[in-house]
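# Residue-level structural notes
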Amino acid sequence: MKQTFIGLALCAILAWGVWQQRPAPTHSDVTHRELFALGTLIQISVAGDIDAAVMNQAQAALNMLEQRWSVLGDGELAQLNQTLQTQARAALPTTLHDGFVAARQLCLDSDGRFDPGVGDLVRLWGFDDEDHFRDTPPPTPQLKAALQQRSSLCDSAIDAQSVVVDQPPARFDFGASAKGRAVDEVMSLLRAEGINNAIINAGGDIKVIGQRAQRAWRIGIRHPRPHDGRTMLASLNVHDGEAIFTSGDYERFLIHDGVRYHHIIDPRTGYPAQGSQSATVLHSSAERADAAATALFVAGPTDAASVMQNMGVEAWLLVDANGDIHASDAMRARVDDLAAP
Ligand code: ADP
Ligand code: MG
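Residues numbered from 1 in each chain as written. Chains lettered and ligands numbered in written order. Predicted model: local features only at pLDDT ≥ 70, side-chain atom pairs only at ≥ 80, totals over all residues. Heavy atoms only, no water.

Protein-derived ligands of the magnesium ion (ligand 2) are A176 (O), D290 (O), D290 (OD) and T294 (OG1), with the metal-ligand distances lying across 2.0 to 2.6 Å. Spacing between the donor residues of the magnesium ion (ligand 2) along the chain follows A-x113-D-x3-T. Of this pair, D290 and T294 both sit in helix α8 (residues 286-310), 4 residues apart, roughly one helical turn. Among the residues examined, D290 registers a relative accessible area of 6% and is labelled buried. (Donors = N, O, S within 2.8 Å, 3.2 Å for Na, K, Ca; no water. Helix = DSSP H or I, 4+ residues; strand = E, 2+ residues; numbered from the N terminus. Buried < 20%, exposed > 50% of the residue type's maximum accessible area, 1.4 Å probe, protein only.)

Right under this line is the structure:
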């Protein structure tokens, strides 16, 4: 009897010890859910359990944003673009108003490198829709005409009810900022639902809340030209409320006569921007980070620092067309194992 008691006591002490030594929560304490929206697989990872109802809410919000900001179909932006084919003034639905105002400011801040007014050019290149994909560049006369008649969002007038462009036809494409706006919105939704530790990964573009199990969320920045088993350009810890977005020439492109024509258009030339392979930006606003990554890509190495300063971005990283790396001091201080070119 006494021995049994001692045995039981030993067991209890051992069990207590094992319980005390449980490892800090790791991978298995992070749950993942994949949603699809805005042409991208969106992975939401939460430290702890994922509440299915919250994920359904997130999916519903993303579906609404996709419908609202798509250039295809018959959502609000598509209808507005339809009006601007023949008229200089279009009614601006309240659901689009803030996004238009924010994008116009981003257009101005980037000195026109980020400009949703490239809609007709993007369409001409066939990057607006998989069904429009082409295997040769558009004919030069068509490109010249589209460039000449396009209306910049920077120069458009926006009031509470309408948007007015220089001249019709005009077409706005928010492909370079709508994903960021959506990520901001989903993050707010998660926070409002009491989720304090999460990461949202929208096709490599990221925003985080809190931490991953007492450690920072850690992410890798994709190498634009993976080689010798090196797939990442650098890695870094991303902290509460930070977003990190990358624009690259490897996302959507066609190769013709050995030349790569990709989906990031220089609004000044009508052609895919020439100076960069990839551009990465860190900022608290995912919408600004998204637009700034596109603007940095278009700016290229010569104008990178001044454009980023005007856009209020401190930490940025650019791989230029030769594969050389340019980075702000603030970014260099954040990244580990930055790849040699
Ligand atoms: P991704 O969508 O691959 O993350 P971006 O954020 O850079 O890359 O967005 C590129 C998309 O934005 C293009 O597919 C096109 O719809 C649109 N776009 C292309 N060039 C510009 C530009 N200079 N300014 C604003 N939007 C652009
Ligand atoms: Mg972008």
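Back to the text.
Let us now look at the site of ligand 1. Taken together, 21 residues lie around ligand 1, and D115, S247, H263, I265 and T294 are the ones closest in. In the environment of ligand 1, a nitrogen atom lies 2.7 Å from a nitrogen or oxygen atom belonging to the backbone of I265. Contact between ligand 1 and D290: an oxygen atom at 3.0 Å from a side-chain N or O atom of the residue. The cavity where ligand 1 resides is the largest pocket. Sorting elements by how many residues they give to the shell around ligand 1 places α8 first, with 3 residues. Grouping the constituent residues of the shell around ligand 1 by class yields 9 nonpolar, 4 polar and 8 charged. (Near = heavy atom within 4 Å. Polar contact = N/O pair within 3.5 Å; in protein donor to acceptor, adjacent residues only side chain to side chain. 1 Å grid on protein atoms, 1.4 Å probe; cavity = no way out; pocket = protein on both sides within 12 Å on 5 of 7 lines; lining within 4 Å. Sits in = over half its atoms within 2 Å of the grid points. Nonpolar A, V, L, I, M, F, W, Y, C, P; charged D, E, K, R; others polar.)

With an omega of -5 degrees, the peptide bond running from P168 to P169 counts as cis. Within the secondary structure layout, P169 lies in the loop between β5 (162-164) and α7 (178-192). The phi angle at L38 is positive, at roughly 50 degrees, despite the residue not being glycine. As for its placement among the helices and strands, L38 is situated in the loop between β1 (30-37) and β2 (40-47). Of note, the phi angle at D257 is positive, near 50 degrees, even though the residue is not glycine. Within the secondary structure layout, D257 lies in the loop between β11 (253-256) and β12 (259-262).

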